[in-house]
Amino acid sequence: MQIPNDLDAYFMPFSANRSFKSSPRLISGAEGMFYTTSDGRRIVDGASGLWCVNAGHGRVEIADAVRDQVLGLDFTPSYQVAHPLAFELANRVLEIMPEGYGNVFFTNSGSESVETALKIALAYHQAKGDARRRRLIGRVRGFHGAGFAGTSVGGIAANKRQFANLLPEVDHLNHTHWPDKNAFSKGQPAWGAELADELENLVLLHGADTIAALIVEPLAGAGGVLIPPVGYLERLREICTKHGILLIFDEVITAFGRVGAATAAEKLNIKPDIIALAKGITNGVIPMGAVVIIPDIYEAFMQGPEHMIELFHGYTYSGHPVACAAALATLRIYAEEDLFNRANEMSAYLEEAVHSLNGTKNVIDIRNMGLASAVELEPRDGAPGARGFDVFKACFAENALLRCTGDIMAVAPATIVEKAHIDQMIETLGHMIAVTD
Ligand code: PLP
């Protein structure tokens, strides 16, 4: 591969541009659990791409489906016209969701799925004659993509600070990670269900009749792999139901195998009103997202004259034929290779491996659920995130791509991962933590 001469032109997202450009990490190929760098090294992928390549890289079945689709039907308008694959995919998505969902709205990313879910929630209440319900609740340390609404309900300070003019009428619950109570938990922490009761305080403060929806990641990823305490999400569900607040699960990273089931909703047997999806729906190959809703929400819109547009929202590329083809091929792979169960089986090995780093220098917490895990490092004095970034770079230099958010190192491999890959990821991580100041 030819290395670009001028790295400056590309303004990289969520990246330290100057650091990267002074010492680039360029990836030129991928297959299975490995990347190839432009200097010819094989790097084990400990991050499933960006938590999206859940069936491993270079899947021929998806490539074939994409190629055939481009040559057969590359595009149709998405407004007032459609193509059969979008309907087929909507049905396939419903099949692998828990029971009780009725409709699927297509988007092109996790961020768009979040914006769509929040807009549907607001429009739903308006359609039901409840237009006062406008307030949106998120969580501290939550991440819901990069749109204005997602940034507003999100709770990562750095993601918000630069953008002064976010949505009004937003509030936040606290996060669930309290190291004095739940550090070094294996799987769901036993303590913390009572944190859900904070939602009752927000109801008291604002009045239930002003709150449209609560959005939460069942397992918060970008905020540092925060695992839901036992009973916590169940209690949020109860409180939302009691007060007529829609519950939205942002399953952009948890859907399609991450927690050892198609969704966290299925794994935990909780039924949110709306589920936002993306990433793994196409194995990361083609951008796509989806929003899954209960029939009551859809029916609220199906009123008035039939020539009327029921929801004034959508995207040029909603249900894009090529994305649909990629998604159908991806969902077939998940089913044929039983990958959600495989994720469940491998999660015990990942748990044991990652917790073996307990006692390593600077490690202040380790946590895991399914094929998601995190090792939290003590931040350097006055330089939060610096140690994590150094460990991330050192791991990459030693042939393991992990993800760091601040000083939290995440290991979240694809569902096809083998024990030897996990060993390589964890050994590299442990070693690089030990040798990093
Ligand atoms: N929601 C969650 C929970 C995410 O983790 C992400 C991305 O990582 C998003 C939304 C945004 O997805 P995208 O980057 O595809 O817009």
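Throughout what follows, the structure given in this document is the object of discussion. The structure presented is a predicted model; accordingly, all values stated were derived computationally and were not measured.

## A word on the layout of surface pockets
Part 1 of the reasoning: Within this model, the second largest pocket holds a volume of roughly 1,200 Å³.
Part 2 of the reasoning: Looking at the second largest pocket, it is lined by 40 residues, and the ones nearest its centre are S78, V104, F105, E310 and H313.
Part 3 of the reasoning: Contributing elements (two or more residues each) for the lining of the second largest pocket: α4 (84-96), β4 (103-107), β10 (289-293) and α12 (295-301).
Part 4 of the reasoning: Looking at which element gives the most residues to the lining of the second largest pocket, the answer is α4, with five residues.
Part 5 of the reasoning: For the lining of the second largest pocket, the per-class residue count stands at 24 nonpolar, 14 polar and two charged.

## Focus: the nonpolar core
A general trend in soluble globular proteins is that nonpolar side chains are found buried together.
Part 1 of the reasoning: In terms of nonpolar packing, the biggest core is built from 129 residues, with L214, I274 and L429 touching the most fellow members.
Part 2 of the reasoning: Every residue in contact with L214, bar those within four places of it in the chain, is listed here: I137, G138, L173, L199, L236, C240, I245, L246, L247 and I248.

## Examining the site of the ligand
Part 1 of the reasoning: Taken together, S109, G110, S111, F143, H144, G145, E217, D250, V252, I253 and K279 make up all the residues around the ligand.
Part 2 of the reasoning: Within the side chain of S111, one N or O atom sits 2.6 Å away from an oxygen atom of the ligand.
Part 3 of the reasoning: Taking D250, its side chain carries an N or O atom lying 2.7 Å from a nitrogen atom of the ligand.
Part 4 of the reasoning: Relative to its unbound accessible area of 390 Å², the ligand is 80% covered by the protein chains.

## Things to note about helix α13 (residues 321-336)
Side chains three or four residues apart in an α-helix point the same way, a direct result of the helix having 3.6 residues per turn.
Part 1 of the reasoning: In a regular helix each residue adds 1.5 Å, so 16 residues correspond to 22 Å; α13 covers 22 Å between its end C-alpha atoms and thus fits that length.
Part 2 of the reasoning: α13 sits mainly inside the fold: 13 of its 16 residues count as buried.
Part 3 of the reasoning: Immediately downstream of α13, the backbone of D338 shows phi near 50°, a positive value.

## Thoughts on empty space enclosed by the protein
Any empty space left between atoms is shown by rolling a water-sized probe over those atoms.
Part 1 of the reasoning: Scanning the model with the defined rule gives one cavity of 30 Å³ or more in all.
Part 2 of the reasoning: Considering only enclosed or pocket space, the largest cavity measures out at about 60 Å³ in volume.

## Some words on the sheet that holds strand β3 (residues 42-45)
Part 1 of the reasoning: Across the sheet, four strands lie side by side as β1-β2-β3-β13; this open sheet has mixed pairing. Because the sheet does not close on itself, it has two edges, and the strands there are β1 (27-31) and β13 (400-401).
Part 2 of the reasoning: As defined by bridge partners, β1 adjoins strand β2 (residues 34-37) across four bridges and the pair is classed as antiparallel. Each bridged residue has a counterpart across the sheet, and for I27 the counterpart in β2 is T37.

## Here's the deal with the pattern of salt bridges
Part 1 of the reasoning: For the coordinates displayed, the defined rule picks out 15 salt bridges.
Part 2 of the reasoning: Among the salt bridges present, the one from D296 reaches K128, with a minimum N-O distance of 3.5 Å. One end of the pair, D296, is in helix α12; the other, K128, is in the loop between α5 (110-127) and β5 (135-139), and 168 residues separate them in sequence.
Part 3 of the reasoning: Its relative accessible area of 47% is what places K128 among the partly exposed residues.
Part 4 of the reasoning: For R237, the salt bridge goes to D273, with nearest N and O atoms at 3.2 Å. Residue R237 is located in helix α10 (residues 232-243), and its partner D273 is located in the loop between α11 (264-268) and β9 (274-277); the two are separated by 36 residues in the primary sequence.
Part 5 of the reasoning: Via salt bridges that share partners, R59, E61 and E337 belong to a single interconnected network.

The rules behind these values
Residues numbered from 1 in each chain as written. Predicted model: local features only at pLDDT ≥ 70, side-chain atom pairs only at ≥ 80, totals over all residues. Heavy atoms only, no water. 1 Å grid on protein atoms, 1.4 Å probe; cavity = no way out; pocket = protein on both sides within 12 Å on 5 of 7 lines; lining within 4 Å. Points joined across faces, edges and corners; volume = space filled by probe spheres on them. Helix = DSSP H or I, 4+ residues; strand = E, 2+ residues; numbered from the N terminus. Nonpolar A, V, L, I, M, F, W, Y, C, P; charged D, E, K, R; others polar. Core = buried A, V, L, I, M, F, W, Y, C linked by side-chain atoms within 4.5 Å. Buried < 20%, exposed > 50% of the residue type's maximum accessible area, 1.4 Å probe, protein only. Contact = heavy atoms within 4.5 Å. Near = heavy atom within 4 Å. Polar contact = N/O pair within 3.5 Å; in protein donor to acceptor, adjacent residues only side chain to side chain. Areas by Shrake-Rupley, 256 points an atom, 1.4 Å probe, with all protein chains shown as cover. Expected span 1.5 Å × (residues − 1). Pairing = 2+ DSSP bridges. Salt bridge = Lys/Arg side-chain N within 4 Å of Asp/Glu carboxyl O.

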